[in-house]
Amino acid sequence: MSTLVIKDLHVEIDGKEILKGVNLTINTNEIHAVMGPNGTGKSTLASAIMGHPKYEVTSGSIELDGEDVLAMEVDERAQAGLFLAMQYPSEITGVTNADFLRSAINSRREEGDEISLMKFIRELDSKMEFLEMDLDMAQRYLNEGFSGGEKKRNEILQLMMLQPKFAILDEIDSGLDIDALKVVSKGINEMRGEGFGSLVITHYQRLLNYITPDHVHVMMQGRVVKSGGPELAQRLEAEGYEWVKEELGIEDETVGQEA
Amino acid sequence: MTVETKLALTEQDIRSFSEGKQEPSWMTELRLKAFGELETLPMPTPDKTKITNWNFTEFPVHTVDSSKFTSLNELPDEVKAVVNADEQKNIYIQHNNTPAFLSLSEDLKAKGVILTDIYTAIREHSDLVQQYFMTDGVKVTEHKLTALHAALLNGGVFLYVPKNVVVEEPIQVIYLHDDKAASLFNHTLLVADENSSVTYVENYLSTVEHAEGLANIVTEVIAKDNSKVTFGTVDVLAEGFTTYVNRRGVTSRDAVLEWALGMMNDSDTISENTTHLVGDNSEGHVKMVVVGRGKQKQNFTTKVIHWGKHTEGQILKHGVMKEEASSIFNGIGKIEYGATKSNAEQTSRVLMLSEKARGDANPILLIDEDDVTAGHAASVGRVDPLQLYYLMSRGISQHEAERLVIHGFLAPVVNELPIEGVKKQLTEVIERKVR
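This structure is a prediction, so every number in the text was calculated from the model and none was measured.

1. Structural notes on the layout of surface pockets
Residues and elements named next belong to chain B.
And then number 1: Roughly 520 Å³ of internal volume is contained in the largest pocket.
And then number 2: Counting residues per element, the ones that place at least two in the lining of the largest pocket are strand E7 (197–206), strand E9 (228–236) and helix H10 (420–434).
And then number 3: In terms of residue count, H10 provides more of the lining of the largest pocket than any other element does, 5 residues in total.
And then number 4: For the lining of the largest pocket, a count of residues per class yields 11 nonpolar, 4 polar and 8 charged.

Laid out in structure tokens, this is it:
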């Protein structure tokens, strides 16, 4: 079992503090949902874990099985087993999806032990079929000209090809129609199991109809303010966030406001 | 502005050299006339690059003697790497200044195709060479460097494809530079007669780290009515050279001239590539990729000039600048009065990889005719840190991520190159340069 431990994490962007002490522990074989209205720091948490260059961690810690994640470069975090399905994946001209994925897989392997082309193609084809993707997309330039839904599927394709220990899904459901949502969820559920944990960030409960979380956390004002089981998500869906704010005495849930 | 031209050579040296090569009198006269005008002709003025302090005139020796090759097996490994010895039947190799190897298939010989070193061509095909050598393409007296080229010409190749002959296999020419004292005043003259078709690939290949000479290179491509010429090059000249390279094409009616230029020099370089679309309905397409590194300074001026009606000109250039390299990309589409229904398009993109790298793209459209279409796009930028972050977030190292982004940046041009061999070579050279 692997464990990702986030302790009292404070993060700034352009000198403005967005996360104000996040605490979260995720084990493999668990799916955690982080919910909350817009502007409460959910995506910042995702970006800080992965090491986005614009986000500065000012205090706190992130450890993966005791290893200091914050001391690692972005690629080392990925090698250590972290994966972030991004809300806005970059488009990279001239680099095909297939070449990119092969480089990513080989980056985890020793020189001389690269994945064989045949094996790679077999795996890629089967995963693309599973995600109901057009096989041509392997030869298209990475995310270039992809629709919103295609980009999200492509993120899940990478997730399935790279098999990380922990995947953070940053609003993977945004901009998806119901069919695409089902496919994306199918991919994540396929990953579910002993060696895999996930942090699913969303502000709609809708996604959680397809991916049942083991734990649900609510973020407001740059902190996790409430945690519970799947029933918490359902109550949020039914009643919105107002009751949480009332219960905690929060007037404005966005970052920069204090209770 | 004055530039001293202190040539160690005298008029008598030029005359002796020409006579030593048994050149016909027209060539000797052409050299001497060029030599005589050197002092008065101005230097070229590449836009936005100041070349007053560049050395275009001092060099150790005019010619060096190098070995010939009796078979392709004797080639140095670096050359073998760019020659497909089993399949390449039509090939000319120049070793520094020495014509070193020539092979032309019997079939092409029988069809009247001429492929030979420039000295032999001037001697044995005197009338034909005289008709095209620095007449319709580059003029001897254009400026000091063209005159210097004519006066000191010490290598090059002549390719003539007769009327109605279609050459299926690419013709390859290699200019091997492995003597640091050598200077290259090479002239490539390619004449494609009416209804002919040919693909030509040349390689400038330095295998020494550092050069002490000059490279003053002129290429003329004459594409006659309804001919099709695909001209590819991969230039890899060493640091230390001052390189002036002028590649010019002239198209007659219905002719198509495609340039695929891989400018991978490590030297300071002034590159001028001009296509005159003279005949109606003719086309000129330029695709160029550049990788600059070290403290290299380069200027790439690409012009397509539309004289004929319904002419089509396209320029596509992508450049990557590393370290402290700087490059100017001037793109000029010029449509002359009367060239109705013509279309001039160009795109230049420069990617800078470091704080000290410099790039500048200047698209220029000069249009003297109303009934035409034209367009341009240009961009200069640095590597997007979010692209690197994205790639690295999948476990790819920063170095590998940069490599992918660079190859990706150049790929839209490299992939469009019309010659497979050039594409492959170029990819390998790019790989070496960005590693």
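2. Points about the sheet that holds strand E19 (residues 373–382) of chain B
All names here are of chain B.
And then number 1: Read across the open sheet, the 10 strands follow the order E2-E1-E5-E7-E9-E11-E13-E15-E17-E19; overall the sheet is mixed. The sheet terminates laterally at strand E2 (98–103) and E19, the two strands that pair on one side only. On average, each strand axis in the sheet is inclined to that of its neighbour by 5°, with strand direction left out of account.
And then number 2: Where strand E5 (residues 171–177) meets E7, 7 bridges bridge the pair, whose relative direction is parallel. Within E7, the position partnered with glutamine 172 by the bridge is valine 201.
And then number 3: The sheet contacts of helix H9 (residues 398–414) involve strand E13 (283–292), strand E15 (312–321) and strand E17 (343–352), and relative to E15 the element is tilted by about 165°.
And then number 4: Sheet strands in contact with H10 are E5, E7, E9, strand E11 (256–263) and E13, and its direction is about 20° off that of E9.

3. Considering the interface of chain B and chain A
And then number 1: The interface of chain B with chain A comprises 19 residues on the first partner and 32 residues on the second.
And then number 2: Here chain B meets chain A over a buried area of about 2000 Å², counting both sides, of which 65% is carbon and sulfur.
And then number 3: The largest per-residue losses of area from chain B upon contact with chain A belong to Tyr389, Tyr390 and Arg394 of chain B, which jointly make up 41% of the total buried on that side.
And then number 4: Residues arginine 394 of chain B and glutamate 155 of chain A are paired through a salt bridge, measuring 2.6 Å at the closest nitrogen-oxygen approach.
And then number 5: For the interface between chain B and chain A, the tally reads 12 residue pairs in polar contact (both at pLDDT 80 or more).
And then number 6: At the level of elements, helix H8 (385–392) and H9 of chain B are the ones that each hand at least two residues to the side of chain B that touches chain A.
And then number 7: Tallied by class, the residues present in the side of chain B that touches chain A amount to 10 nonpolar, 7 polar and 2 charged.

4. Here's the deal with the UniProt feature "domain: ABC transporter" (unreviewed entry) in chain A
And then number 1: The UniProt record marks residues 4–246 of chain A with the feature "domain: ABC transporter" (unreviewed entry), using the residue numbering of this structure.
And then number 2: Its end C-alpha atoms 31 Å apart, residues 4–246 of chain A is made of 35% helix and 30% strand.

5. Comments concerning helix H4 (residues 117–130) of chain A
All names here are of chain A.
And then number 1: When the terminal C-alpha atoms of H4 are compared, their 20 Å separation across 14 residues agrees well with the 20 Å that a helix rising 1.5 Å per residue should span.
And then number 2: Every buried residue of H4 is listed here: Phe120, Leu124, Lys127 and Met128. Axial view of H4: buried residues confined to an arc of 100°, hence all on one face. Across H4 from its buried face, at more than 90 degrees, point the exposed residues Met118, Arg122 and Glu129.
And then number 3: The secondary structure elements touched by the buried residues of H4 are helix H3 (97–106) and helix H5 (148–162).
And then number 4: Two residues or fewer past H4, glutamate 132 is found with a positive phi of approximately 55°.

Conventions adopted
Residues numbered from 1 in each chain as written. Chains lettered and ligands numbered in written order. Predicted model: local features only at pLDDT ≥ 70, side-chain atom pairs only at ≥ 80, totals over all residues. Heavy atoms only, no water. 1 Å grid on protein atoms, 1.4 Å probe; cavity = no way out; pocket = protein on both sides within 12 Å on 5 of 7 lines; lining within 4 Å. Points joined across faces, edges and corners; volume = space filled by probe spheres on them. Helix = DSSP H or I, 4+ residues; strand = E, 2+ residues; numbered from the N terminus. Nonpolar A, V, L, I, M, F, W, Y, C, P; charged D, E, K, R; others polar. Pairing = 2+ DSSP bridges. Axes fitted to C-alpha atoms, helices over the stretch in contact; angles between N-to-C directions. Contact = heavy atoms within 4.5 Å. Buried area = accessible area lost by both parts, 1.4 Å probe. Salt bridge = Lys/Arg side-chain N within 4 Å of Asp/Glu carboxyl O. Polar contact = N/O pair within 3.5 Å; in protein donor to acceptor, adjacent residues only side chain to side chain. UniProt positions renumbered as here; feature names shortened; annotations may be inferred. Expected span 1.5 Å × (residues − 1). Buried < 20%, exposed > 50% of the residue type's maximum accessible area, 1.4 Å probe, protein only. Arc of directions from axis to C-beta.

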